[in-house]
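Each chain, letter by letter, is given below.
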Amino acid sequence: MIASTLVKGPLYRISWAQMADSILKFETARSIADAHGTPVYVYDETRLREQARSALAFPAPFGLTVRYAMKAISTRAILKIFQEEGLHFDASSGFEVERLLLAGIAPERISLSTQELPTNFAGLVNRGVAINACSLDQLDRYGKAFPGQEIGIRFNPGLGSGGTNRTNVGGPASSFGIWHEKLDLVRELVNQHKLTVVRIHTHIGSGSDPEIWTRAASLSLGLAEAFESVTHLNLGGGYKVARMADETGTDLQVIGAPVADLFREFASRTGRELHFEMEPGTFMVANAGALLTTVQDVTDTGTEGYRFLKLDSGMTDILRPSLYGAQHPIDILQASPSGQSEPVIIVGHCCESGDILTPAPGDPEGLSPRNLPSANIGDLALIGGAGAYCSSMSAKNYNSFPEVPETLVHPDQTFSLIRKRQTLEQILQNEL
């Protein structure tokens, strides 16, 4: 049985190991592997619903809208679960909007904030999708298409937060949103097109520091105050999740309390009770998912080198370690554990030196051996914390490896297939 690990700290959240302990004992993992092969993603329906309800309990004094950031994982079955739980949705491209609509999500529950305004944005707006203008050009294009209409505006508040520069989406090094010092230019375009700004949107990145998040909320309220017509303030997502036992995750009640106080103070001073919006992605799904793989080879580079476990998966299915130096818990699942352990480097199946699943923290080029149970070829290996930015963000089809299937474990411990394994024919179908 996988040992539970409790993450403790001022921002307590549940760790991956506790989730694994509840749904993926060896017998369950073996059954999933036998039914669908490996690699295969596994998601916990119970945990998904629990996270949705946790987000819906955020302390917003004047109304709350929780928009699931679907870029974290976009599989239809996951979207449907969150729809059932009463969530709205945040899309980052026109294609994500179309995907939501095809999944049966009402357009009125969809908001689009995108680096690339789709050519058919007018049609999406006419169907009821809300758009946040994320640049001056987007604002101008929207105004020309919909003069006199309502609009949301995404600002870069001048502050960012993230474990690496690649997860920091605020501050001077980020292209996301309209730089806050361009407020007068925004006003000019708003007045020119007679737009009504109803929503201010900001997002600073993936961090868990309540002080930074509260400061970002204060800056964002200042932007909202600049437009008397604003009724909604969206502070994005980026709530840190504790994937590893030594990490500290975000408790929404802890970071929400001072933000709620800021909203109350704003209402007292201005007479405006702003509706709060949030866009959690990682928070909703990271520790509700795992990637089940098989050790397909073992090798070493001598006494002065390393021992390597080669999996039948890698950056084709989980790119975060190669991209960020991100850390994921990895467990060896065995019917009869020997009790022996050894330091190993876990590598993927790609012909790519960067396909490393145990990089040094924050350093995708460094190696960081893990002390794991001694493994043999054929043993199952479970990569935790793989619910967010794995299936939806991967080096898909590199070395012509197909997309892997996805399964959902239900509350009664049965499981079902929610995405089939891609075939070679499907990889080739668009080639001429």
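The structure reproduced in this document is the subject of the present report. (Residues numbered from 1 in each chain as written. Predicted model: local features only at pLDDT ≥ 70, side-chain atom pairs only at ≥ 80, totals over all residues. Heavy atoms only, no water.)

## Looking at unusual backbone geometry
This is how the line gets drawn: What counts as a helix is a DSSP run of H or I of at least four residues, what counts as a strand is a run of E of at least two, and both are numbered from the N terminus.
Going from Thr38 to Pro39, the amide bond is cis rather than trans, its omega being -5 degrees. Looking at the element boundaries, Pro39 is found in the loop between α2 (26-36) and β1 (40-44). The residue Tyr389 is not glycine, and still its phi comes out positive at about 55 degrees. With respect to the helices, strands and loops of the structure, Tyr389 is situated in the loop between β18 (380-383) and β19 (406-409). Even without a glycine there, the phi angle at Asn399 is positive, about 60 degrees.

## As for helix α3 (residues 45-56)
Cut-off, in case you're wondering: In a helix, the anticipated span is given by 1.5 Å times the number of residues less one. Buried means the residue's accessible area, taken with a 1.4 Å probe over protein chains only, is under 20% of the maximum for its type, while exposed means over 50%, and partly exposed covers the values in between. Under the rule applied, a polar contact is a pair of N or O atoms within 3.5 Å (in protein, one hydrogen donor and one hydrogen acceptor; residues adjacent in sequence only if both atoms are side-chain atoms).
End to end, α3 covers 17 Å across twelve residues, agreeing with the expected 16 Å (1.5 Å per residue, within 8%). Residues of α3 that are buried: Glu45, Arg47, Leu48, Arg49, Gln51, Ala52 and Ala55. Its side-chain oxygen placed 3.1 Å from the backbone nitrogen of Thr46, Asp44 serves as the N-cap of α3.

## What to know about the environment of Ser394
Rules: The contact definition used throughout considers only heavy atoms, calling two residues in contact when any of these lie within 4.5 Å.
Relative to the helices and strands, Ser394 is located in the loop between β18 and β19. Excluding residues that lie within four positions of it along the chain, Ser394 makes contacts with Met315, Thr316, Asp317 and Leu319. Engagement of the side chain of Ser394 in a polar contact is seen with the backbone oxygen of Thr316, the distance being 3.3 Å.

## Observations concerning the nonpolar core
This is how it is decided: Definition used in this section: a nonpolar core is a set of buried Ala, Val, Leu, Ile, Met, Phe, Trp, Tyr and Cys residues joined via side-chain atoms within 4.5 Å.
One finds Tyr68, Phe82 and Val285 to be the most contacted residues of the largest nonpolar core, which totals 92 residues. Looking at this core, the element that brings in the most residues is helix α9 (residues 210-225), giving six residues. Sequence-distant contacts of Tyr68, that is, excluding residues within four places in its chain, are made with Ile73, Ile78, Leu79, Phe82, Leu87, His88, Phe89, Asp90, Pro280, Gly281, Met284 and Val285. Among the nonpolar cores identified, the runner-up in size contains eleven residues, and Ala290, Leu333, Leu382 and Val409 belong to it.

## Considerations on the pattern of salt bridges
Basically, it comes down to this: Any Lys or Arg side-chain nitrogen found within 4 Å of a carboxyl oxygen on Asp or Glu counts as a salt bridge.
Scanning all chains against the criterion turns up 16 salt bridges. The salt bridge partner of Arg49 is Glu45, with a shortest N-O separation of 3.0 Å. With a gap of four residues between them, Arg49 and Glu45 both fall in helix α3, about one helical turn apart. Like Glu45, Arg49 is buried. Where Glu84 meets Arg49, a salt bridge forms, and the shortest distance between an N and an O atom there is 2.7 Å. In this pair, Glu84 is assigned in helix α4 (residues 76-84) and Arg49 in helix α3, connecting sequence segments 35 residues apart. On the accessibility criterion, Arg49 (15% relative accessible area) is buried. One connected set of salt bridges, linked through shared partners, spans Glu45, Arg49, Arg53, Glu84 and Glu85.

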